[in-house]
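Structure assessment
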Amino acid sequence: MLGACITLLLVSFIAFTMVNLIPADPAEVALRVNDTTPSEEAIEEIRIKLGLDQPFLVRYTHWLSASLQGDFGTSFTNANRSVFGELARSFPYTLTLAGISLVLLIAVSIPLGVLSAVYKDHWLDKIVRTFIFASTAMPNFWLAFILIWFFSIKLYWLPSSGATSWSHYALPSITLCMAYIATYIRLIRNSMLDTMQDNYVSYARARGLSEYQVIWKHLLKNSLQTSMTALGIGVVRLIAGTVVIESIFAIPGLGRLALSAIFNRDYPVIQAYILVMGCLFVLSNLIIDILQTVIDPRLKSEGEYQ
Amino acid sequence: MTQRLLNNKTALICLILLSIICLMGAFAPFLAPHDPNLADVINTLLPMSGEYPLGTDYLGRCIYSRLLFGVRTTLYYSLITMVITAAVGALIGIISGYLRGKVDALIMRACEVMLSFPYEIIVLSIVGILGPGIGNIILANFIAKIAWYVRIVRGSVISFNHKNYMLYSKTVKSPQRFIFAKHLAPNITAEVIILATLDLGWIILSISTLSFLGLGVQPPTAEWGAMLNDAKEVLFSNPEQMIVPGLAIMVVVACCNLLGDALRDVLDPRTEHKQC
């Protein structure tokens, strides 16, 4: 927990320092994005307004304490909008997209991973392995185009852009989860193959438990350990991966906000985005840690066994 | 070692294919029938023909010529990134493994923090702060990946330092340079090559994705990801435009992945091959 806080503090400091190391003057950028020709007085005025005339560490502590209270400042591009408002407006879209993808990811990768481990070297396993191979080599945005072409243009089934109804999320979430699905199928397959060698599996079989019980109750539960840790990182990777997906499918989410901020050099938004991603990362790891002790009681009472 | 690699059919085919693609990129000015950036408003979106082997895009540029020149950006930049990352990472790893002590602890601590964050976030944050551009993309990928090399090289330096033949070599006072060149370097090189080849596919995808978003190679320079972005403009009227660049990326990445897997089998027979 303490380590997580230190990591977060470090991330915030690096993000803040790097933004301040950029040769471009933020005050000038702030003026330019609003189509104002930067004169000396105007730059000076905006410097004071943005608090840029104060020393570096003072600005950092100001920024950090404000950020912790949810005040990320105002966007350079649109002075009427607070960065927090922008984040709050776009976050639900991204969360929905990532959430659906996560459910898809789990729903597809567990059965496929288990099947391909149980039927190792069978044609089923070969199909799954081919699928894994193809999906690791395929660029994500290309897959998005193929899906749009097939489902939106050819069959006219699903919408290709926007986020006004649930059907709008179908193609984006499939594309998003395809980027990471190979990793999880492979992880589950390998850890299933590992645990299959363990003694308790032979014991369970010797006790006369059905193959179904052995695989789905005993083997899977023990194999999920490694995959769970990966899933903790996976949630954040899904949210970070939305940058590409949201720009293709025109979903007004966090990824698109970050992308347009990068193009506009809108530093308050970029800083806030990095900080939010860091927080999400620490948070999801924490949740996974807790979930792991629920699934595997050995982790909780490790001391007693030793 | 080379013999074993040549006996592996998949590796051989991938290696030949990648070499041919690299050479085609190098000789692009001689092979390309047209100027890759020359727009021709009359001949837009043409199908395949004798003059335009793969047709033209929405600005009337020859897709085949752009594909050839795209090798120079997509593949060459990825190769440069890979070589720099592997070389610097290995160097820091060796230093860290040799010196141990406080320097080592500090480097390892930094690596841990870097490894704990997903690559996507590191790359995006750095590009976000430094702004778009191919130099920044290479730097971002470098930072995202370097910790891997440092940790693995450091690990093998330390483990090899305690091997009996190393201890013997030290006891009989072999010169430091001899020990390094004869015992340490071959082992480390093998590991770094495996890791780097497996990474190459990932770097290609990363660079072309960022270029697709407009954060990497800037138009009108031909790049496979940027070509797909051009194809996006006419996705509804001419969906066939997306086939060629997408396929190119997929073939190259697949080759790199297969080659990396094969190299691991050949160079590192100790580890049992379990990945698919």
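Residues numbered from 1 in each chain as written. Chains lettered and ligands numbered in written order. Predicted model: local features only at pLDDT ≥ 70, side-chain atom pairs only at ≥ 80, totals over all residues.

As for the overall build of chain A
Our working rule: Helix and strand labels come from DSSP, where a helix needs a run of H or I of at least four residues and a strand needs a run of E of at least two; each type is numbered from the N terminus. Working definition of a contact: two residues with C-beta atoms, positioned from the backbone, lying within 7 Å.
Scanning chain A from N- to C-terminus turns up 14 helices and zero strands. Starting at the N terminus and walking to the C terminus, you meet the elements of chain A as α-α-α-α-α-α-α-α-α-α-α-α-α-α. Taking all contacts inside chain A whose residues are at least 6 apart in sequence as the whole, residues at least 24 apart take part in 69%.

Topic: the overall build of chain B
Which entries qualify depends on this criterion: Exposure classes come from backbone-placed C-beta atoms, where a residue is buried if 20 or more other C-beta atoms lie within 10 Å of its own, exposed if 12 or fewer do, and partly exposed in between.
Scanning chain B from N- to C-terminus turns up eleven helices and zero strands. Secondary structure elements of chain B, listed N to C terminal, follow the sequence α-α-α-α-α-α-α-α-α-α-α. Counting over 276 residues, chain B shows a buried share of 41%. Counting contacts in chain B only where the partners sit at least 6 residues apart, residues at least 24 apart contribute 68% of the total.

Observations concerning the environment of Pro239 of chain B
Checked against the element boundaries, Pro239 of chain B lands in the loop between α10 (224–233) and α11 (243–267). Ignoring sequence-local partners within four residues, the contact set of Pro239 of chain B consists of Trp149 and Ile153 of chain A.

Digging into helix α7 (residues 140–154) of chain A
Residues three or four positions apart in an α-helix share a direction because the helix packs 3.6 residues into each turn. Note the cut-off: Each residue after the first adds 1.5 Å to the expected span of a helix. To get the bend at a given residue, fit one axis to the seven residues ending there, fit another to the seven starting there, and take the angle between those axes.
Taking 1.5 Å per residue as the helical rise, α7 of chain A with its 15 residues ought to reach 21 Å, and the 20 Å between its terminal C-alpha atoms agrees with that figure. Where α7 of chain A bends most, at Ile148 of chain A, the angle is about 25 degrees. Regarding α7 of chain A, the residues found buried are Phe141, Trp142, Leu143, Ala144, Phe145, Leu147 and Ile148 of chain A. Turning to α7 of chain A, the residues buried within the fold contact α8 (170–195) and α10 (211–249) of chain A together with α9 (176–213), α10 and α11 of chain B.

Notes on the packing of α10 of chain B against α11 of chain B
Helix-helix packing is characterised by the crossing angle of the two axes and by the distance between the axes. Residues and elements named next belong to chain B. So the rule is basically this: Each axis is a line fitted through C-alpha atoms, and for a helix only the stretch in contact is used; angles between axes span 0 to 180 degrees, taken between their N-to-C directions. Note on terminology: angles under 35 degrees are roughly parallel, angles over 145 are roughly antiparallel, angles of 65 to 115 are roughly perpendicular, and the others are oblique. Note: crossing handedness is left-handed where the near helix turns anticlockwise from the far helix by less than a right angle, and right-handed where it turns clockwise. Put simply, Ala, Val, Leu, Ile, Met, Phe, Trp, Tyr, Cys and Pro go in the nonpolar bin, Asp, Glu, Lys and Arg in the charged bin, and everything else, Gly too, in the polar bin.
Relative orientation of the contacting elements α10 and α11 amounts to 150 degrees, with a least axis distance of 8 Å. The angle between α10 and α11 places the two elements in the roughly antiparallel class. As α10 packs across α11, the resulting crossing turns out to be left-handed. Where α10 approaches α11, its residues Trp224, Met227, Leu228 and Ala231 are matched on the opposing element by Pro245, Gly246, Ala248 and Ile249. Across the contact of α10 with α11, the residue classes break down as seven nonpolar, one polar and no charged.

Some points on the packing of helix α6 (residues 123–137) of chain A against α8 of chain A
Residues and elements named next belong to chain A. At a minimum axis distance of 9 Å, the contact between α6 and α8 shows a crossing angle of 135 degrees. The orientation of α6 relative to α8 falls into the category oblique. Once α6 is placed against α8, the crossing between them reads as left-handed. In contact with Val128, Ile132, Ser135 and Thr136 of α6, α8 contributes Met178, Ile181, Ala182, Ile185 and Arg186. Partitioning the contact of α6 with α8 into residue classes produces six nonpolar, two polar and one charged.

A short note on the nonpolar core
We apply this condition: Residues of type Ala, Val, Leu, Ile, Met, Phe, Trp, Tyr and Cys that are buried and joined through C-beta atoms within 7 Å form what is called a nonpolar core.
The biggest cluster of nonpolar side chains holds 144 residues, and the ones touching the most others in it are Ala258 and Ile270 of chain A together with Val127, Tyr149 and Ile204 of chain B. Once residues within four sequence positions are removed from consideration, Ile270 of chain A is found in contact with Ala258, Ala261 and Ile262 of chain A together with Gly128 and Ile129 of chain B.

Details of the interface of chain B and chain A
On the chain A side, the residues contacting the 33 residues of chain B number 37 residues. Counting residues per element, the side of chain B that touches chain A draws most heavily on helix α6 (residues 119–130) of chain B, at seven residues. Counted by class, the side of chain B that touches chain A contains 22 nonpolar, nine polar and two charged residues.

Structural notes on the confidence of the model for chain B
Residue and element names in this part refer to chain B. So the rule is basically this: Confidence of the predictor at the level of single residues is captured by pLDDT, which takes values from 0 to 100.
Across chain B, the average pLDDT comes to 84, with 96% of residues at or above 70. In the model of chain B, helix α1 (residues 2–7) stands out as the element of lowest mean pLDDT, 72, in contrast to helix α4 (residues 63–99), which has the highest, 90. Considering only residues more than four positions removed or in separate chains, one finds that residues 272–276, a stretch of pLDDT under 50, has seven contacts. Scored as a whole, the predicted complex attains pTM 0.85, and scored at its interfaces, ipTM 0.81.

What about unusual backbone geometry?
All names here are of chain A. In this structure, Asp121 is a non-glycine residue whose phi angle is positive, near 65 degrees. Mapped onto the elements of the fold, Asp121 is located in the loop between α5 (83–118) and α6. Look at Ala250: it is not a glycine, yet its phi comes out positive at around 55 degrees. Checked against the element boundaries, Ala250 lands in the loop between α10 and α11 (254–264). C-beta crowding within 10 Å serves as the criterion here: with 14 such atoms nearby, Ala250 is assigned to the partly exposed category.

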